[in-house]
Amino acid sequence: MVRPIIAGNWKMNKTVAESVDFAERLRSAYETPADREVIIAPPFTALRSVAEAIRGSSIILSAQNLHEAEKGAYTGEISGAMLREAGCTYVIVGHSERRTLFGEGDDRINLKLRSALTAGLMPIFCVGESLREREEGTMETVIERQLKEGLNNLTADDIGLVVIAYEPVWAIGTGKTASPDQAGEVHRLIREWIARRYDPKRAANLAILYGGSVTPKNIAELMAQPDINGALVGGASLEVDSFVRIIGY
Ligand code: PGA
């Protein structure tokens, strides 16, 4: 049984003060039960302060992105080591907004995954098809390509540290959720692919999160699917009340 993970991706929302306020309110609103893991991913500027606000609680910190290089002349970028030092345990890699708005391809995402692992961060690796790809019937090919190229050169031990998030691009921020059956089917495909590429035990222990318009209303039916091990939540993670209701699904 994989321990369920609920992760909030705040994207480019919340100042440092707002982030700390959220973290403190989340801490007092909810005692995370031992059977699930709660992650929040504030913007870079708030990481350090949020790390301090959640110290001693079971809330875990994630960044939303990293640069693949260790250090150097990359104006405006942040390395894995910097994120570790700021208190991050996880980092989101390959989010569809990074792929589409910032031109990150599978090769780059692979470098980022490797660099995250080298820095001691656990990647939340996002995959997902666009509406056109789903309508054209290439969904499976697209997901398999993203997995194959994204995970290139990662060992079975590395996979033990990776969380995969399936986020159909057409469901992100649109209010359209994949139906539990639709999502469950893709999660099964992902787990089967990992079992073939690595081994069945790694696949069975892999946490695969669903993301795309998750709300307090639809979380329970998504989590009822056997291959859905948690959620990567955008919009509905920005308010303490709705995030707490999702955590307590
Ligand atoms: P959403 O975003 O919940 O607002 O659809 C999910 C995500 O992009 O991770």
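Right, let's walk through the structure included here. (Residues numbered from 1 in each chain as written. Predicted model: local features only at pLDDT ≥ 70, side-chain atom pairs only at ≥ 80, totals over all residues. Heavy atoms only, no water.)

On to the pairing of strand S7 (residues 208-211), then. Along S7, one buried face is formed by Ile208 and Tyr210 and the opposite face, lined by Leu209 and Gly211, is buried too. Pairing analysis gives three bridges linking strand S6 (residues 163-166) to S7, with the strands arranged parallel. Paired with tyrosine 166 across the two strands is tyrosine 210, which belongs to S7. Summarising the sheet, S7 and strand S8 (residues 230-233) pair through three bridges and their orientation is parallel. From the neighbouring strand, glycine 211 faces S8, where its bridge partner is leucine 232. (Buried < 20%, exposed > 50% of the residue type's maximum accessible area, 1.4 Å probe, protein only. Helix = DSSP H or I, 4+ residues; strand = E, 2+ residues; numbered from the N terminus. Pairing = 2+ DSSP bridges.)

Core analysis: the largest hydrophobic core is formed by 65 residues, its most contacted members being Leu151, Ile164, Ile190 and Ile194. Excluding residues that lie within four positions of it along the chain, isoleucine 190 makes contacts with Val127, Ile143, Leu147, Ile164, Tyr166 and Ile208. In terms of nonpolar packing, the next biggest core, distinct from the first, is built from 15 residues, Ala41, Ile124, Cys126 and Ala165 among them. (Core = buried A, V, L, I, M, F, W, Y, C linked by side-chain atoms within 4.5 Å. Contact = heavy atoms within 4.5 Å.)

Bringing the packing of helix H1 (residues 16-29) against helix H12 (residues 240-247) into the picture now. The contact between H1 and H12 brings their axes to 10 Å, and the two run at 40 degrees. With respect to each other, H1 and H12 are oriented oblique. Taken as a pair, H1 and H12 cross one another with a handedness that is right-handed. For the pair formed by H1 and H12, the contact residues are Phe22, Arg25, Leu26 and Ala29 on the first element and Val240, Phe243, Val244 and Ile247 on the second. Considered class by class, the residues forming the contact of H1 with H12 number seven nonpolar, no polar and one charged. (Axes fitted to C-alpha atoms, helices over the stretch in contact; angles between N-to-C directions. Parallel < 35°, antiparallel > 145°, perpendicular 65-115°, else oblique. Left-handed = near helix turned anticlockwise from the far one by under 90°. Nonpolar A, V, L, I, M, F, W, Y, C, P; charged D, E, K, R; others polar.)

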